[in-house]
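Tertiary structure, described
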Amino acid sequence: MILRRLVSPNDLEQLFTEFHEKLYKYLYLRCGRHRETAEDMTQQVFYKAWKKREQYCPSKSSVQNWLYAIARNEVVDYYRSSEKKFQQLSEPDESAICTESNEREVLLSQVLSRVELLSPDEKELIILHYIQGLAPRDISRILGITYIATKVRIHRALSKLKQLMEVNHEAK
Amino acid sequence: MKQNNLKTLLRELRTPPVSGAWVSKTKLFLRSKSRADVTDLSIKRTQRYKLFNLLYLPNMNGKFNSMVSIISILATLTVGGGTVYASDSAVPGDFLFSVDKSTEAVQRFFTTSPLSEAKFELKVLDERIAELDQLSIANDVVSLTKAITEVETQTGVIQEQLKLMDQLRIEDKLQTQEQQQLMEQLRIRVQEQTATMQQTQTKLQSGGDMVNSDNLKQIQNKYSDSIDSQIKDFEDSTGVKIENQESQQNQGEDTQIQNQNQLQNQGEESGGTQDGSGSGQQGGTTTPQQSGKK
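This one's a predicted model, so the numbers in the text were calculated from it and none came from an experiment.

1. Comments concerning the overall build of chain A
Of regular secondary structure, chain A possesses nine helices and zero strands. Along chain A, helices and strands appear, N-terminal first, in the series α-α-α-α-α-α-α-α-α. For chain A, buried positions account for 49% of its 172 residues. Excluding contacts between residues fewer than 6 apart, the proportion of contacts in chain A whose partners are at least 24 apart in sequence is 64%.

2. Section: the overall build of chain B
Along the backbone of chain B there are 10 helices and zero strands. When the helices and strands of chain B are placed in sequence order, the string is α-α-α-α-α-α-α-α-α-α. Look at the contacts in chain B between residues 6 or more apart in sequence, and 61% of them connect residues 24 or more apart. Total accessible area on chain B stands at roughly 18200 Å², and carbon and sulfur atoms take up 54% of it.

3. Points about the interface of chain A and chain B
At the interface, 49 residues of chain A touch 35 residues of chain B. Carbon and sulfur atoms supply 66% of the area buried between chain A and chain B, which totals about 4100 Å² over both sides. Linking chain A to chain B there are one salt bridge. With a shortest N-O distance of 2.8 Å, Arg 31 of chain B and Glu 13 of chain A are connected by a salt bridge. For the side of chain A that touches chain B, the secondary structure elements donating two or more residues are helix 1 (9–30), helix 2 (35–51), helix 5 (94–97), helix 6 (103–117), helix 7 (120–131) and helix 9 (147–171) of chain A. Taken together, the residues of the side of chain A that touches chain B sort by class into 27 nonpolar, nine polar and 13 charged.

4. A look at the packing of helix 7 (residues 141–170) of chain B against helix 8 (residues 176–206) of chain B
Residues and elements named next belong to chain B. It is at 12 Å that the axes of helix 7 and helix 8 come closest, and there the two elements cross at 165 degrees. In terms of their interaxial angle, helix 7 and helix 8 are classed as roughly antiparallel. For helix 7 against helix 8, the interelement crossing comes out left-handed. Mapping the contact onto sequence places Leu 144, Val 151, Leu 162, Met 165, Asp 166 and Arg 169 in helix 7 and Thr 176, Gln 179, Leu 182, Met 183, Leu 186, Met 197 and Leu 204 in helix 8. Tallied by class, the residues present in the contact of helix 7 with helix 8 amount to nine nonpolar, two polar and two charged.

5. What about the packing of helix 7 of chain A against helix 8 (residues 136–143) of chain A?
Residue and element names in this part refer to chain A. Direction vectors running N to C along helix 7 and helix 8 enclose 140 degrees, while the axes themselves pass 10 Å from each other. Comparing their axes, helix 8 and helix 7 come out oblique. Read as a crossing pair, helix 7 and helix 8 show a hand that is right-handed. Contact residues: helix 7 offers Glu 124, Leu 125, Leu 128 and His 129, while helix 8 offers Pro 136, Ile 139 and Leu 143. Of the residues contributing to the contact of helix 7 with helix 8, the split by class is five nonpolar, one polar and one charged.

6. Let's talk about a nonpolar patch on the surface
A surface patch of nonpolar side chains, amounting to about 360 Å² of accessible area, comprises Ile 70, Ile 73, Leu 74 and Leu 77 of chain B. On the accessibility criterion, Ile 73 of chain B (34% relative accessible area) is partly exposed.

7. As for the side chain of Gln 132 of chain A
Residues and elements named next belong to chain A. Secondary-structure assignment places Gln 132 in the loop between helix 7 and helix 8. Note on Gln 132: relative accessible area 10%, which makes it buried. Here Lys 22 takes part through its backbone oxygen, which lies 3.4 Å from a polar atom of the side chain of Gln 132. Not counting residues within four places of it along the chain, the set of residues in contact with Gln 132 comprises Lys 22, Lys 25, Tyr 26, Tyr 68 and Ile 127.

8. Describing the packing of aromatic side chains
Residue and element names in this part refer to chain A. This model, assessed by the stated rule, comprises nine aromatic pairs over all chains. Judged by centre distance (5.7 Å) and plane angle (55 degrees), the ring pair of Tyr 78 and Tyr 79 falls under tilted. Its relative accessible area of 11% is what places Tyr 78 among the buried residues. Accessibility expressed as a relative area gives 22% for Tyr 79, which makes it partly exposed.

Rules behind the numbers
Residues numbered from 1 in each chain as written. Chains lettered and ligands numbered in written order. Predicted model: local features only at pLDDT ≥ 70, side-chain atom pairs only at ≥ 80, totals over all residues. Heavy atoms only, no water. Helix = DSSP H or I, 4+ residues; strand = E, 2+ residues; numbered from the N terminus. Buried < 20%, exposed > 50% of the residue type's maximum accessible area, 1.4 Å probe, protein only. Contact = heavy atoms within 4.5 Å. Areas by Shrake-Rupley, 256 points an atom, 1.4 Å probe, with all protein chains shown as cover. Buried area = accessible area lost by both parts, 1.4 Å probe. Salt bridge = Lys/Arg side-chain N within 4 Å of Asp/Glu carboxyl O. Nonpolar A, V, L, I, M, F, W, Y, C, P; charged D, E, K, R; others polar. Axes fitted to C-alpha atoms, helices over the stretch in contact; angles between N-to-C directions. Parallel < 35°, antiparallel > 145°, perpendicular 65-115°, else oblique. Left-handed = near helix turned anticlockwise from the far one by under 90°. Patch = residues over 30% accessible without salt bridge, like charges linked within 9 Å, V, L, I, M, F, W, Y side chains within 5 Å. Polar contact = N/O pair within 3.5 Å; in protein donor to acceptor, adjacent residues only side chain to side chain. Phe/Tyr/Trp six-rings, centres within 6.5 Å; stacked < 30°, edge-to-face > 60°.

Just distances and angles here, no functional claims.
Here's what the structure looks like:
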């Protein structure tokens, strides 16, 4: 059952159990694929959600969208405030993703590296829609843009990613 | 590469799973942080905030939003209460009659015992008969037919309720005295109800609606016979005699009157002797004085 309120410490624990994996994955992909950073940021997202619990309005957005909005702001703050740190962490933790033992995994690794080449906005849309599986309607609410604009941008981001993959393929 | 293939690859992308140790550590962290700054009071305050912000009104501050919510709740209750009150006087065929029936269903739900339920059903039948009587003047054939059906249904409900009470008494779930109390009331109420139905029949006949009048007569006879039969069954099975309270009252009144008469007679007799002796004494004293004066 999806929780629709955040009032007691038990509610927070329930929220964490329900959403920590999704948010961790989102933050991991958004923050240079660094495991420890993603873990710290995930913890911060839930702590901030608790501190801002009185601002949450169930009729305005779902808990999931609200948490993603907090996570998104966390990413923005992180890149804005710690540029040096970002530079250090920009080297992805490749070993943590997969072992390139077969062709499929090599391909997956290439896709991931091409996603990194997209602009932050495009990357975010690809992560939210295709990797996290969020519906365009939810994404439009998280990003604060219209539904049509979201669909158009997702389509453009995918086309760009496809081009990047083809360039890579031709180069080989 | 086709777009669909790319989409599939994106869905397959994996990230390293979160470690169990991190999950436990973070849960502890969040638990300690959340419990440190929360008290029962703040939970109640937050819940109250949620309660009075039922309507989400963007671009509006919290206090104003709460005020609007409270006003909306009060307005809804006032309008709703007014509708229910107005529905009480609705008759079959009226728009509010269904609201009246729903209100009765709610009241029925809150009856606590078979006895109170039976009393409630009798009250409902009174209402249905009164509605029918009201409609008999209007001469609205469709509504009249509906009203007669409502009366018939309600008489059936009462009969079923009495059967249920019999069953409960047999199973020792209802005391005989309780049922006896109801039966005594029932006998009087049925007389009143049949009297009202007879009046309605007369009105229908004078209006020329012989069909509905006959129907009502049949329902009345069936109801009256059925109740008599159920009362008789009760008397036979329990050995308790159901007296007509009206006749009991009449008998009581008669006895009181007789007693009063007796007392008066006795008083007059005894008072007469006193008065007689007094007057005799007075007469005895006065007469001579009078006679002496004379």
